[in-house]
Structures are given as C-alpha cells and as structure tokens.
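Given next are the chains, with one letter for each unit.
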Amino acid sequence: MKTEAKIKISLDILMTVFLIPQMGYHITGEWNHKWLGIILSNFFLLHHVLNWKWYKSIFKGKYSAVRIFRTAVNILLTVSMLGMVLSGIMLARDIFCFLPFRADSFARLMHMACTAWGFVFMSLHIGMHLNTAAGRIKKHKKISKPVIWIIRCIILGVSLYGMYAFVIREFEKRMFLTVQYAFFEFGEPLTGFLLDYTAILTLGAAISYYLLKLIYLLTKKV
C-alpha cells in the first residue's frame, strides 16, 4: 500500500474516532467539545486536500448507478460537515470572539441537524470503502466460510442493536429538527454511549456496503 493511501486511511480512522465522542456534548464537556471540534475540522480540511483529485474528476466520465450513489454520499457528507464546522464556530464565541458571528438559535439548530446528518453520512461513507478493504484482506489472507458467516452474524447483531440505539437516541428528531434541543442523559456510562454510537455507525456502514453490492448486482444484469 502506498504511503499516501496509508495516510488517507489513518486520517479517516482518526476522523471517525473523534466524531463519535463529539456526538456527546455531555460526555466530553463544553471545553473539550469545542477543541475536539477544532481538531476534527482540521482533519476534515486535510482530508479534502489529500483527495483533491476526486474534485477534479467529478465532472468527467459517465455516471453509473454506483458512481451516483458514491458521489451523492460524498457531497452530502461534505455539506453536513461544512454546516457542522460553520455553526460550531458561531457557537464557540469564547474562542472565535474576533469573528463577526452571533451564537443564536439558528446556529444551534443548524449544528444539531448537521451533526446528526454528518454522522449518518459518515457511516455510509465508511460502508462504501468496506468492499475495497475486504478485497485487500482476501488478497493477502484467505478467510474460511465459517469465519465469514460468523463476522456477518456479528455485524447483523450489532446493526440490529444500532436500529434500537438510533430510535432511543432520537436521531431522526435531530435530523429533521422536530425538537428544538438535543437532550442528553448527563451521568450516563461512557461504555453505553460508545456502544450505542458505534452500533449506529455499524448500521449505516452495513446498509451502504450491502446496498452497493445490490446495485452492482442489478446493474450487472441489465
């Protein structure tokens, strides 16, 4: 694997690791939440610098169903992250007091929605790259069918729990702004929080991974 590819993969992992605790304002605390957000924003900027070739090719070539899906997820993720960063800056008045932004209710609602959508699109984005990762693993190491089925069952179990966590955490309410505030359970165990959000992330990645497989299968028959 090339050095650039290793850097991109490492950066993606770091962004995911940083995003999960950022979903819990009550877990990190106000000060840590703001500074972790600044670090995540810089990771996000670096990610796009490293992937600038993708933007150059976006208007080139034909668009298959798979490419449409991939491009849509990437663009929507980028828009969500930009909204998350901008609204975060508007809310962090103690750090960005030199900027002419106001921390109003619009910024708060924008931050809540963009954070929820960004997490969902991040999970879909991860799922899009699982097929490539799985191919590389199979290339260097043969995995028996029983092991493959065990992994599938584990993913299924975690994804089913992810559906439950998605509902309990009221993700859809934050995504579509049917609530004015994101309610957090202060004092909840860190392990429970991480388990829920990791399960939701796994759910989104699994949906994206198998949806792409289905699209490949359907378009191949046409």
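The sections below set out a description of the structure shown in this document. These numbers were taken from a predicted model, which means no experiment stands behind them.

A few words now on helix α7 (residues 145-168). For α7, which comprises 24 residues, the first-to-last C-alpha distance of 35 Å matches the rise-based estimate of 34 Å (1.5 Å per residue) to within 8%. Among the residues of α7, Ser159, Gly162 and Ala165 are the ones counted as buried.

Overall, the coordinates contain 13 aromatic pairs when judged by the stated rule. A centroid spacing of 5.7 Å and a plane angle of 45° characterise the contact between tyrosine 161 and tyrosine 164, whose relative ring orientation is tilted. Taken together, the residues tyrosine 161 and tyrosine 164, both in helix α7 and three residues apart, mark about one turn of the helix. Exposure remark for tyrosine 161: the relative accessible area of 31% places this residue in the partly exposed category. The interplanar angle of 40° and the centroid separation of 4.6 Å between the aromatic rings of phenylalanine 193 and tyrosine 197 together place this pair among those described as tilted. With phenylalanine 193 and tyrosine 197 both in helix α9 (residues 190-221) and four residues apart, this pair spans about one turn of that helix. Given the relative accessible area of 1%, phenylalanine 193 is considered buried. Feature note: the residues Phe119, Phe166, Phe171, Phe193 and Tyr197 constitute an aromatic cluster, connected by ring pairs. The cationic tip of arginine 67 hangs over the ring face of tyrosine 63; the distance from NZ or CZ to the ring centre is 3.9 Å. It is arginine 174 that lies over the ring of phenylalanine 171; its NZ or CZ is 4.8 Å from the centre.

Moving on, we come to the pattern of salt bridges. A complete count under the given rule lists five salt bridges for this structure. With its nearest N and O atoms 2.9 Å apart, the salt bridge here joins lysine 34 to aspartate 94. Residue lysine 34 is found in helix α3 (residues 30-50), and its partner aspartate 94 is found in the loop between α5 (65-91) and α6 (105-140); the two are separated by 60 residues along the sequence. For lysine 34, a relative accessible area of 16% translates into the label buried. Residue arginine 169 is joined to glutamate 188 by a salt bridge in which the shortest nitrogen-to-oxygen separation is 2.9 Å. Of this pair, arginine 169 sits in the loop between α7 and α8 (171-175) while glutamate 188 sits in the loop between α8 and α9, and the two are 19 residues apart along the sequence.

The rules behind these values
- Residues numbered from 1 in each chain as written.
- Predicted model: local features only at pLDDT ≥ 70, side-chain atom pairs only at ≥ 80, totals over all residues.
- Heavy atoms only, no water.
- Helix = DSSP H or I, 4+ residues; strand = E, 2+ residues; numbered from the N terminus.
- Expected span 1.5 Å × (residues − 1).
- Buried < 20%, exposed > 50% of the residue type's maximum accessible area, 1.4 Å probe, protein only.
- Phe/Tyr/Trp six-rings, centres within 6.5 Å; stacked < 30°, edge-to-face > 60°.
- Lys NZ or Arg CZ within 6 Å of the ring centre and 35° of its normal.
- Salt bridge = Lys/Arg side-chain N within 4 Å of Asp/Glu carboxyl O.

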